[in-house]
Amino acid sequence: MTLVHAPFPTAEWWRTAVIYQVYPRSFADSDGDGVGDLPGITARLDHLARLGVDAVWLSPFYRSPQKDAGYDVADYRDIDPVFGTLDDADAMIAAAHERGLRVIVDLVPNHTSADHPWFRAALAAAPGSPERARYLFRDGKGPGGAEPPNDWRSIFGGPAWTRVTEADGTPGQWYLHLFDTSQPDLDWTHPEVRAEFVSVLRFWLDRGVDGFRVDVAHGLVKADGLPDWGGEVEMVGGTVDEGGDAADDAAAEDADVVTGAGDPGPMFDQDGVHEIYREWRKVLDEYDGERALVAEAWVEPLSRLARYVRPDEMHQAFNFTFLTTRWDAAAYRRVITASLRANDTVGAPTTWVLSNHDVVRHPSRLGLPDAGSRPHGIGRDDVQPDEELGLRRGRAATLLMLALPGSAYVYQGEELGLPEHTTLPDEVRTDPAFFRTRGTDEAEAGRDGCRVPLPWEAAAPAFGFSPTGASWLPQPQSWARYAADAQDGVEGSTLEMYRAALRLRRERRLGAGGLEWVDGDDESVLAFRTVGADGRGVAVLGNLGATPLPLPPGARVLLASGPLPDDDTVPADTTVWLEA
Ligand code: GLC
């Protein structure tokens, strides 16, 4: 046995919470326009309470032209009509709280929408004006300023700069957008920008939200002088590096290992971001009820990510190194050890996540020939995942994750075992990453496939997503079998597996527990014991190999990710929780 992490009994909810990500466009549609909305969420909250999660995080619902599905905010203090009204938001927050669910909202501080009044004013004003100073406008290089100010590329493909036409009709300055042209980056050295976001935090804290998920938290501050870089960043997953994938980057069991992840570039993970989060932490601490901040920061190595969760900064950071781990027991063991160690050094909980609205759903990633690799979406002409194998592995990965100490994230639909929609026609795609890379060497299908509206009722139009049967993205016909009502109460269904795992996790307080590795010879097996905060843990056996694994003599199975044969073995691609 090798103890990696000691139990951490504590009352703070965010240290152990299971947090469910709601993607509002695709969760539930109450008014029948085919796009999910806040009243739809409120009406389905009982599903989440019954599932047994502690909190919900909602992707953005603010006023927005929806060029990047709401991650382009035009008004941070209002709800987009497509999702409802501020009253609907208040009602949703109250209804969640009545059910004991906390509510985390999304904050998008790296950029605004091009429709934000500040950016409109900047376009109308002259170069060098105070209006332009809130964004990153620069003169171009070369004759007539016809070339972009530096060589940065947009994460969605193409250049990260767009040239504007000045009021007199002449070609003018350029503005920086690390994402789409409709998402101009703010200049975080500007005091008005800082003050505005503190005010936005207070606006939502006063309305009773329990925390914020901070979008692109590693991107707000850029290196002085915006120097050329020559490198390339990916949408999700840090620096492109020939040296291997993120799981390998956790290679040494030492949290301080310097990995092959390389240089984050002058646009990411600059030291200046931490000062912003220290200021925000002070604001949150003025409020009662343990409000929390969680960083979306694609930062490696894990020791560098841990800097975002130092005691006076954020409470949590998404562990994308875990998400990007390939289907390999040794790789999981390394990343789990490195994650716990890195966060233990700063006294923060580790988070665990397998899916979200930016990546291919984990059952589909794990069903690819290169299991657990991370394509940027899957299209009709791409290699298709093996759906059955992927689901088996997806469920096994979930049971590994939900036993781990710390906080875990569940993306809507994963409790149903939903696969990615991998054959969406191009005509229905909306992701700017698809359009900006189309026809280039970097062409990617994009993220629409993980954002397809949820199936609630097998026999209803749009599987119960909307009353009219409208659905902003088409759902595959095969999704009837994944519908919530088709799994409710059905022994062995994915939904019942999630419910049972979350119940045990809560009863035994696994989130506050410790973890020790059980040493063994089989390299394709992940074996650990968690020590729950109430003294009872679970023993976890993950068989990531191809051959059945004998159960230890006398083992009592509490939960299994798939059917177990009568011969006391754990089949390939299956995880079991045993009485410890
Ligand atoms: C984050 C979001 C993603 C969005 C991007 C730009 O990575 O998760 O969906 O496109 O930021 O805001």
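Preceding block: the structure.
Residues numbered from 1 in each chain as written. Predicted model: local features only at pLDDT ≥ 70, side-chain atom pairs only at ≥ 80, totals over all residues. Heavy atoms only, no water.

**Considering the site of the ligand**
Turning to step 1, where the next piece is worked out: Taken together, 15 residues are adjacent to the ligand, and Asp68, Asp215, Glu296, His357 and Asp358 come closest.
Turning to step 2, where the next piece is worked out: Note that an oxygen atom of the ligand is positioned 2.9 Å from one of the side-chain N or O atoms of His111.
Turning to step 3, where the next piece is worked out: Contact with the protein chains hides 99% of the accessible area of the ligand, taken as 310 Å² for the molecule alone. (Near = heavy atom within 4 Å. Polar contact = N/O pair within 3.5 Å; in protein donor to acceptor, adjacent residues only side chain to side chain. Areas by Shrake-Rupley, 256 points an atom, 1.4 Å probe, with all protein chains shown as cover.)

**Side note on the pattern of salt bridges**
Turning to step 1, where the next piece is worked out: Under the definition given, this model contains 45 salt bridges.
Turning to step 2, where the next piece is worked out: Of the charged contacts in the structure, one is a salt bridge between Glu457 and Arg44, with a shortest N-O distance of 3.2 Å. Residue Glu457 is located in the loop between helix H14 (432–437) and helix H15 (484–487), and its partner Arg44 is located in the loop between helix H2 (38–43) and helix H3 (45–51); the two are separated by 413 residues in the primary sequence.
Turning to step 3, where the next piece is worked out: A relative accessible area of 22% places Arg44 in the partly exposed class.
Turning to step 4, where the next piece is worked out: A salt bridge links Asp426 to Arg429, with the nearest nitrogen and oxygen atoms 3.6 Å apart.
Turning to step 5, where the next piece is worked out: The class of Asp426 is partly exposed, set by a relative accessible area of 35%.
Turning to step 6, where the next piece is worked out: On the accessibility criterion, Arg429 (5% relative accessible area) is buried.
Turning to step 7, where the next piece is worked out: Among the ionic contacts, a cluster of salt bridges with common partners joins Asp68, Asp358, Asp431, Arg447 and Arg451. (Salt bridge = Lys/Arg side-chain N within 4 Å of Asp/Glu carboxyl O. Helix = DSSP H or I, 4+ residues; strand = E, 2+ residues; numbered from the N terminus. Buried < 20%, exposed > 50% of the residue type's maximum accessible area, 1.4 Å probe, protein only.)

**Things to note about the nonpolar core**
Turning to step 1, where the next piece is worked out: Phe212, Trp280, Ile336 and Trp577 are the most contacted members of the largest nonpolar core, which has 147 residues in total.
Turning to step 2, where the next piece is worked out: Formed by 16 residues, the second largest nonpolar core is a distinct cluster that contains Trp161, Phe179, Met267 and Phe268. (Core = buried A, V, L, I, M, F, W, Y, C linked by side-chain atoms within 4.5 Å.)

**Observations concerning the side chain of Glu196**
Turning to step 1, where the next piece is worked out: Considering the arrangement of structural elements, one finds Glu196 in helix H6 (residues 191–206).
Turning to step 2, where the next piece is worked out: Once residues lying within four places of it in the same chain are set aside, the contact partners of Glu196 are Arg77 and Trp118. (Contact = heavy atoms within 4.5 Å.)

**Some thoughts on the packing of aromatic side chains**
Turning to step 1, where the next piece is worked out: The full count for this structure, using the stated rule, is 26 aromatic pairs.
Turning to step 2, where the next piece is worked out: Ring geometry for Tyr20 against Phe27: centres 6.1 Å apart, planes inclined by 75 degrees, an arrangement best described as edge-to-face. You'll find Tyr20 and Phe27 in the same group, each marked buried.
Turning to step 3, where the next piece is worked out: On the basis of an interplanar angle of 55 degrees and a centroid distance of 5.7 Å, the ring pair of Phe61 and Trp204 is categorised as tilted. Highlighted residues: Phe61 in the loop between strand S3 (55–58) and strand S4 (62–63) and Trp204 in helix H6, separated in sequence by 143 residues. In this structure, Phe61 and Trp204 share a single accessibility class: buried.
Turning to step 4, where the next piece is worked out: Sitting over the ring of Trp472, Arg25 keeps its end group 4.4 Å from the ring centre.
Turning to step 5, where the next piece is worked out: Sitting over the ring of Phe434, Arg429 keeps its end group 5.8 Å from the ring centre. (Phe/Tyr/Trp six-rings, centres within 6.5 Å; stacked < 30°, edge-to-face > 60°. Lys NZ or Arg CZ within 6 Å of the ring centre and 35° of its normal.)

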